[in-house]
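# Survey of secondary and tertiary structure
The lines below spell out each chain.
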Amino acid sequence: MFGAGGGTVSYEEIETTDLIIMWGSNAREAHPIFFHHALAGIRNGAKMISVDPRRSQTAKFADLWLGLNVGTDIALANGVGRYILDHDLQNDDFIAHSTQGIDAYRDSLEEWTLARTAEVTGLPEYAIAELAEAYATAESAQICWTLGITEHHTGAENVMALCNLALLTGHVGRYGSGLVPVRGQNNVQGGGDMGALPNKLTGFQDIEDDEIRAKFEAAWECTIPAKPGKHLTLMFEAMETGELTTIFCIGENPADSEADINHARKLLEGLDMLVVQDIFLTRTAELADVVLPASAGWAETEGTVTNSERRVQRSRKALDPPGEAKDDLEIINLIAERMAPGWGNPTAEEMWDELRTVSPMHGGMSWERLEEHGGLQWPCPTLDHPGTLFLHGWLWADDLEGREPAPFTVNVWRPHVDLIDEDFPLLMTTGRVLDSYNTGVQSDGYNSPIRSGEALDMNPDDAAVLGVSTGSRVEVSSRRATIDMTIRVQPDLPVGLTFTTYHFPDTTDTNQLTIEAWDKKSGTAEFKATAINVRPKVEASNNA
Amino acid sequence: MTATSRPSAERPISPVGERQVAIRTKVTVSIDGTDVSVLEGQTVLDACTAAGVDTPTICYGPTVTPVNACRVCVVEVEGSRTLVPSCSRPAEEGMVVTTDSDKVMHSRKMVLEFLGTSSDVSQADDIMGWIDDYDADLGRYDEATTQRMTDEVKIEDDLYIRAYDRCVLCYKCVEACGEDAQWTFAIAMSGRGFDSRISTEFGVTLPDSACVYCGNCVAVCPTNALQFKTEFDLRKMADWRPEDQTITQTVCSYCGVGCNLDLHVQDNAIVKVTSPSDHSITHGNLCVKGRFGYQYVQNRPSA
């Protein structure tokens, strides 16, 4: 977002904002404690609007639920943009002072009349208008999103389409207003901060910037490739072409989590060398040539993680790891020592202090200060800096602090890739439920009384047509595979849309069904839209 | 407004781009003869704390709205006909408060005797301490004429148990499940008089109720009536050893919200997870994954 990869606001700000838009986010289940802050905001008088194909647990707390068609977020955002401009509700001063490219943006909205937006999104015109008016006229407003926005083949453009709305109304860069991507995993923000992105060095510094690279090369006494590396999806493409033959996989389970999983597994099996460093013998580890047993970062090692409000916090060792399991850092140090004798075995704090010398946004975050303040929010460049509550305040500075105005972008709506037809008449979307997590490696460990197990949620009308009910076993096919599933009738889904999770790959291998279509900018696969066909299984006859 | 039919509520307009900071004045009150100043809106209890006076509280907690059920925090306020609950009474300019009068001591002692006689408070360390401090006599009332909570322990899942024979009906769990944090409303008070109990809807079991197992009720329970199953099982085996436990603060391993966890560890195993009530992210609250989802790091093959 305008150069920095992080949520622009702090959690506390949602408690006093005037309008909360949950767009493709079921925070009530996926981010429950973030949602506590949103609930405090609602209790303080905020209005909440939910944009989600499902009438989710989050939508049930909303003043207004917009149950749009899957994959029509750009259409809705563009329609809202056009409505705001048509009704002269935009913030002209902010647009003139802080943004660029409004004309091209305005032209790109030509198609998105209320009628056309309603046609594509499946929403009533008044609801689209109400969303636009509520957002444009609120004193402060936040758009919060999660994977409902990003897990599409147009994921990055979906985000940019939402950013346009913030630029149109000035709902960014000031207390209470902002753009809030809530992170799905405990340190996905921290991974990005540390430079685990193909095009960034530590602290979101651009790898293609010669000066930046020179700084790192001097500090690290090595040469850094001038071209961005590959994100996960590109890596799989490179495996396909034979360009990539060796993978060192740390704490990720792509053999369960990738879309079109049969294809992904085949590629992993075809590698010359696969090294997996994990706390469990995951399905990916089972495919590995070498498995390095690691310890659980959050409870068995020292370190830091960064959350969705850019707060860097200390994680600490509470338990001794089992058997021969080692700290991830120690494993990497041991390998580095083999590659470059004299590397030693630096501690987490020593590594952190080294990081602070090359990453300006972390410069002021000493270990002691992180302890003292219960975490600090980046950017925090110096030891006397209090950390940053919200980003992009420069948009409101008279001189923009010397920066370029924030650009509007043109985003063209394209439908999702895996379209329904006569053979595959239903759409399946995926998501997370409250008590489970990703491929279940962690959440399978405890006995949750509210765990429903794998199920294909389906609207009662669709179930009636198929002659199935809750508990019915069915055969679910996509254009890639067929698996068995169990039906759960769920009136919160619209007709034609089904929902499931991928928390239980051992019993229901959902990702055999999903499509490998992915977003060229972010590398994120389109987990949110798979065309499927559901057939009741013939009950085994009782002739024993 | 053109195409909408919904009226929007009138709300005060905040200054654009600025953080709202309420301007509050201070009030001065006398606590046992010592003048202390607290912010307007703070309570008599806050003033007592500021004056260095320890006050027993049961239904009060830093993250829940007190419902004034326990009456153990009462103090004497000059000009007031009855004793007042310090946890809910706002401090007023010029208030003269006495916390150590015979009337206050006697009232607190009786409250502790009533609660300790009708419920099993033996696992409530704070309450047991006050029973000593106030010289309360739990044997004072004739057993033949005294009613006690005798409920069987409800064990309905592997996460937490409900031992209502230990419940003093402080309502903290109800508040935490409701508007103070969770907004799930799985539990409320049911029944009247001595039959009052905290209950799920129609008394159904927890797994059948609206409970989402965040455990935020367990975290605020002052008597161990709500207890994590791990603690319950260890106590049953006489192996619950708080003195041998370490508490380490770390960050939850699940979603990206970054909740702080206090891991209570005994014999290299996590036996309880809480969260600091004064942290800006959690305010002491967690979800089911943060509270109970730690088991995967210790599902180890038994030796």
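Throughout this description, residue numbers start from 1 for each chain and increase along the sequence as written. Note on labels: chains are lettered from A, ligands numbered from 1, in written order. Given that the model is predicted, a residue must reach a pLDDT of at least 70 before its local features are reported, and side-chain atom pairs must reach 80 or more before they are shown or counted; all residues, however, enter totals for whole chains, interfaces and linings.

## A few points about the overall build of chain B
Helix and strand definitions follow DSSP, with helices as H or I runs of at least four residues and strands as E runs of at least two, each counted in order from the N terminus. Of regular secondary structure, chain B possesses seven helices and 12 strands. Contacts in chain B between residues far apart in sequence, at least 24 positions, make up 55% of those at least 6 positions apart. What counts as a contact is two residues whose backbone-derived C-beta atoms lie within 7 Å of each other.

## Comments concerning the overall build of chain A
Within chain A, the secondary structure is distributed over 20 helices and 21 strands. The globule rule used for comparison is 2.2 Å times the number of residues to the exponent 0.38, while the radius of gyration itself is calculated over C-alpha atoms. Taken over the C-alpha trace, chain A has a radius of gyration of 24 Å; the compact-globule value for 544 residues is 24 Å, and the two agree within 12%.

## Notes on the sheet that holds strand 9 (residues 246-250) of chain A
Residues and elements named next belong to chain A. Strand order in the open sheet formed by three strands is 9-10-11, and the pairing between neighbours is parallel. Every other strand in the sheet has two partners, leaving strand 9 and strand 11 (290-293) as the edge strands with one partner each. For this sheet the average axis-to-axis angle between neighbouring strands, irrespective of direction, equals 10°. Pairing between strands is defined by DSSP: at least two bridges between the two strands are required. Fitting a line to C-alpha atoms yields each axis, with helices limited to the stretch in contact; the angle taken between N-to-C directions then spans 0 to 180 degrees.

## Points about the sheet that holds strand 18 (residues 473-477) of chain A
All names here are of chain A. Taken together, the six strands give a closed barrel; going around it, the order is 16-20-17-19-18-21, and neighbouring strands pair in mixed fashion. Each neighbouring strand pair of the sheet contributes to a mean axis angle of 45°, computed without reference to strand direction. Two elements, strand 16 (residues 426-430) and strand 21 (residues 530-536), share three bridges in a ladder whose sense is antiparallel. If you follow L426 over to strand 21, its bridge partner there is I532.

## As for the pairing of strand 3 (residues 74-77) of chain B
Residues and elements named next belong to chain B. Both strand 3 and strand 4 (residues 84-85) contribute to a ladder of two bridges, which runs antiparallel. Across the sheet, the residue bridging to V74 is P85, located in strand 4. Connecting strand 3 to the next strand, strand 4, in antiparallel fashion are six residues, including G79 with a positive phi near 90°. The sheet contact formed by strand 3 and strand 5 (residues 96-98) spans two bridges and is antiparallel. Across the sheet, the residue bridging to E76 is T98, located in strand 5.

## Re the packing of helix 6 (residues 114-121) of chain A against helix 7 (residues 125-137) of chain A
All names here are of chain A. Across the interface, helix 6 lies against helix 7 with an axial gap of 9 Å and an inter-helix angle of 110°. With respect to helix 7, the axis of helix 6 lies roughly perpendicular. Along its contact with helix 6, which presents L114, A115, T117 and A118, the element helix 7 presents E125, I128 and A129. Residues are sorted three ways: Asp, Glu, Lys and Arg are charged, Ala, Val, Leu, Ile, Met, Phe, Trp, Tyr, Cys and Pro are nonpolar, and all the rest, Gly among them, are polar. In terms of residue class, the contact of helix 6 with helix 7 is made up of five nonpolar, one polar and one charged. Convention used here: angles under 35 degrees read as roughly parallel, angles over 145 as roughly antiparallel, angles from 65 to 115 as roughly perpendicular, and any remaining angle as oblique.

## Remarks on the pairing of strand 8 (residues 197-200) of chain B
All names here are of chain B. Here strand 8 shows a clear split, with I198 and T200 buried on one side and none of R197 and S199 buried on the other. Two elements, strand 7 (residues 187-190) and strand 8, share four bridges in a ladder whose sense is antiparallel. When the sheet's bridge partners are listed, A188 is paired in strand 8 with S199. Between strand 7 and strand 8, which follow one another and run antiparallel, lie six residues, and G191 among them has a positive phi close to 85°. We call a residue exposed when 12 or fewer other C-beta atoms sit within 10 Å of its C-beta, buried when the count reaches 20 or more, and partly exposed for counts in between; the C-beta positions come from the backbone.

## Overview of helix 9 (residues 155-169) of chain A
Residue and element names in this part refer to chain A. Here, expected helix span is obtained from the residue count minus one, scaled by 1.5 Å. Taking 1.5 Å as the rise per residue, helix 9 with 15 residues should run 21 Å; its terminal C-alpha atoms sit 22 Å apart, in good agreement. With respect to burial, helix 9 is a largely interior element, 13 of its 15 residues being buried. One or two steps after helix 9, the chain reaches G170, where phi turns positive at roughly 75°.

## Focus on the nonpolar core
Residues and elements named next belong to chain A. Only buried Ala, Val, Leu, Ile, Met, Phe, Trp, Tyr and Cys residues enter a nonpolar core, and they are joined through C-beta atoms within 7 Å. Membership of the largest hydrophobic core comes to 164 residues, with the highest contact counts inside it found for I21, Y135 and L162. Ignoring any residue separated from it by four or fewer positions in sequence, one finds I21 in contact with I49, V51, Y135, A141, Q142, I143 and C144. Within the second largest apolar cluster, 21 residues are counted, among which are L426, M458, V468 and L497.

## Let's talk about the interface of chain A and chain B
If you look at the interface, chain A gives 60 residues, while chain B gives 58 residues. Elements that contribute at least two residues to the side of chain A that touches chain B include exactly helix 2 (32-43), helix 7, helix 10 (188-193), helix 16 (297-300) and strand 13 (311-315) of chain A. At six residues, helix 2 of chain A tops the list of elements feeding residues into the side of chain A that touches chain B. Among the residues forming the side of chain A that touches chain B, the class breakdown is 24 nonpolar, 21 polar and 15 charged.

## Thoughts on the domain arrangement of chain A
It is common to give the size of an interface as the accessible area lost on bringing the parts into contact. Where each domain starts and ends follows an automatic or database-derived domain assignment. Splitting chain A by domain gives domain 1 (11-181), domain 2 (188-307 + 311-377) and domain 3 (426-536). Of note, the centres of domain 1 of chain A and domain 2 of chain A, computed from C-alpha atoms alone, are 34 Å apart.

## Digging into the packing of helix 3 (residues 73-86) of chain A against helix 7 of chain A
Residue and element names in this part refer to chain A. Orientation of helix 3 relative to helix 7, taken along the N-to-C sense of each, is 65°, at an axis distance of 9 Å. When you trace helix 3 past helix 7, the crossing you get is right-handed. Between helix 3 and helix 7, the residues in contact are L76, G79, V80, Y83 and I84 and I128, A129, L131, A132, Y135 and A136, respectively. Of the residues assigned to the contact of helix 3 with helix 7, the class counts are 10 nonpolar, one polar and no charged. Left-handed describes a crossing in which the near helix is turned anticlockwise from the far one by less than a right angle; the clockwise case is right-handed.

## Regarding the domain arrangement of chain B
You can read the domains of chain B as domain 1 (24-148) and domain 2 (160-296). Inter-centroid distance (C-alpha atoms) of domain 1 of chain B to domain 2 of chain B is 25 Å.

## Comments concerning unusual backbone geometry
With an omega of -5°, the peptide bond between W378 of chain A and P379 of chain A qualifies as cis. The phi dihedral of R310 of chain A falls on the positive side, at around 65°, and the residue is not glycine. For R310 of chain A, a count of 29 C-beta atoms within 10 Å puts it in the buried group. Phi angles above zero are rare outside glycine, and D267 of chain B is one such case at about 50°. On the secondary structure map, D267 of chain B appears in the loop between strand 11 (260-266) and strand 12 (269-274). Overall, D267 of chain B belongs to the exposed group, with 10 C-beta atoms counted inside 10 Å.

## Things to note about the confidence of the model for chain B
Residue and element names in this part refer to chain B. Per-residue confidence from the predictor is reported as pLDDT, which spans 0 to 100. Here chain B shows a mean pLDDT of 90. Residues at 70 or above account for 91%. Across residues 1-19, where pLDDT falls below 50, the model places 25 contacts with residues more than four positions away in sequence or in other chains. The ipTM, which scores confidence in the relative placement of chains, is 0.91 for this predicted complex, and the corresponding pTM is 0.91.

## A word on the environment of D142 of chain B
Secondary-structure assignment places D142 of chain B in the loop between helix 3 (125-133) and strand 6 (160-162). Once the C-alpha coordinates of D142 of chain B and T117 of chain B are considered, the two residues, 25 residues apart in sequence, prove to be 9.9 Å apart.

## Re the environment of T388 of chain A
Along the chain, the position of T388 of chain A falls in the loop between strand 14 (376-377) and strand 15 (406-407). As a C-alpha pair, T388 of chain A and F499 of chain A span 111 residues in sequence and 38 Å in three-dimensional space.

## A look at the confidence of the model for chain A
Considering every residue of chain A, the mean pLDDT works out to 92; 98% of them sit at 70 or more. When pLDDT is averaged over each helix and strand of chain A, the minimum, 86, is found for helix 8 (residues 147-150) of chain A and the maximum, 98, for helix 6 of chain A.

## Points about the environment of A30 of chain A
For A30 of chain A, the position within the fold is in helix 1 (residues 27-30). Between the C-alpha atom of A30 of chain A and that of T58 of chain A, which follows or precedes it by 28 residues, the distance is 9.6 Å. If we skip the residues at most four places from it in the chain, A30 of chain A touches T146 and R432 of chain A together with C255 of chain B.

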